[in-house]
Amino acid sequence: MGRVKMGAVVSLDGFIARDDDTVGPLFDWFGNGDAEWRWSPRQDEPCRTTLASKYFVQSVYPNIGAVVIGRRLFDLTDGWGGVPPAGEHVFVVTHTPPTGWKHADTAPFTFVTGGVAAAIEQAQELAGPDRIVDVAAGQIGGQALRLGLIDQIVLHVVPVVFGSGRPFFGGAGTGDPITLGNPSRIVQGDRVTHLLYDVA
């Protein structure tokens, strides 16, 4: 199966959003450079970052096949209007699939009620051996990490301190600490530092 990566843009103190789900300056680096690129051919407006950021993202995510998210992110974005932000399919971990979603009949979204492991398994089957499964950080990513389902962790660290908010690793649960080695890659962009960790 292809590699499973967990990643997000994150504040210096470890939050992917504020308590009210706003992101403040976390995504400012997507527009502070001259190098143009897109997460997906479907993306209308390109990102404009430094070359260093562009090369990092494109090398770490060369070919995303599927994305796994939680119901909270789905609700906050309205499923991006039925268009996956990356990859060809989105798997949403939820206790109850939405009713009345206007894109339900046409959008490449699957609502998985069997838990995080089931969603990642389905995503890997769709992505195949040569494409990446991208798991959103937060509750879903934290659970997947605890279950041993994550191959790499990707952090785009922005120098802002929120003080509180939505943790990158969510409520990862109790148990032994998960110890990682040194980052396998560190890349400095403009107002962002990119880190890549391999999970043993």
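Above: the structure in question.
A. Local environment of the environment of Ile140. Along the polypeptide, Ile140 turns up in helix H4 (residues 139–146). Judged by relative accessible area, which is 10%, Ile140 ranks as buried. Residues Ile140 and Val68 lie 72 residues apart in sequence; the distance between their C-alpha atoms is 8.1 Å. Residues within four places of Ile140 in sequence aside, it is in contact with Val68, Ile69, Gly70, Val93, Val116 and Val135.

B. Representation of H4. When H4 is considered as a whole, its buried residues turn out to be Ile140, Gly141, Gly142, Ala144 and Leu145. For H4, the secondary structure elements touched by its buried residues are strand S1 (4–11), strand S5 (64–70), strand S6 (89–93), helix H3 (116–127), strand S8 (132–136) and strand S9 (152–158). Gly148 sits one or two positions beyond H4 and adopts a positive phi of about 75 degrees.

C. Focus on the sheet that holds strand S11 (residues 185–188). Within the open sheet, the eight strands sit side by side as S7-S6-S5-S8-S1-S9-S12-S11. Their pairing is mixed. Sheet topology places strand S7 (109–112) and S11 at the edges, where each strand pairs with a single neighbour. Strand-to-strand twist across the sheet, computed as the mean angle between neighbouring axes with direction ignored, equals 20 degrees. Note: S5 against S6, five bridges, orientation parallel. Within S6, the position partnered with Ile69 by the bridge is Val92.

Quick notes on the rules
Residues numbered from 1 in each chain as written. Predicted model: local features only at pLDDT ≥ 70, side-chain atom pairs only at ≥ 80, totals over all residues. Heavy atoms only, no water. Helix = DSSP H or I, 4+ residues; strand = E, 2+ residues; numbered from the N terminus. Buried < 20%, exposed > 50% of the residue type's maximum accessible area, 1.4 Å probe, protein only. Contact = heavy atoms within 4.5 Å. Pairing = 2+ DSSP bridges. Axes fitted to C-alpha atoms, helices over the stretch in contact; angles between N-to-C directions.

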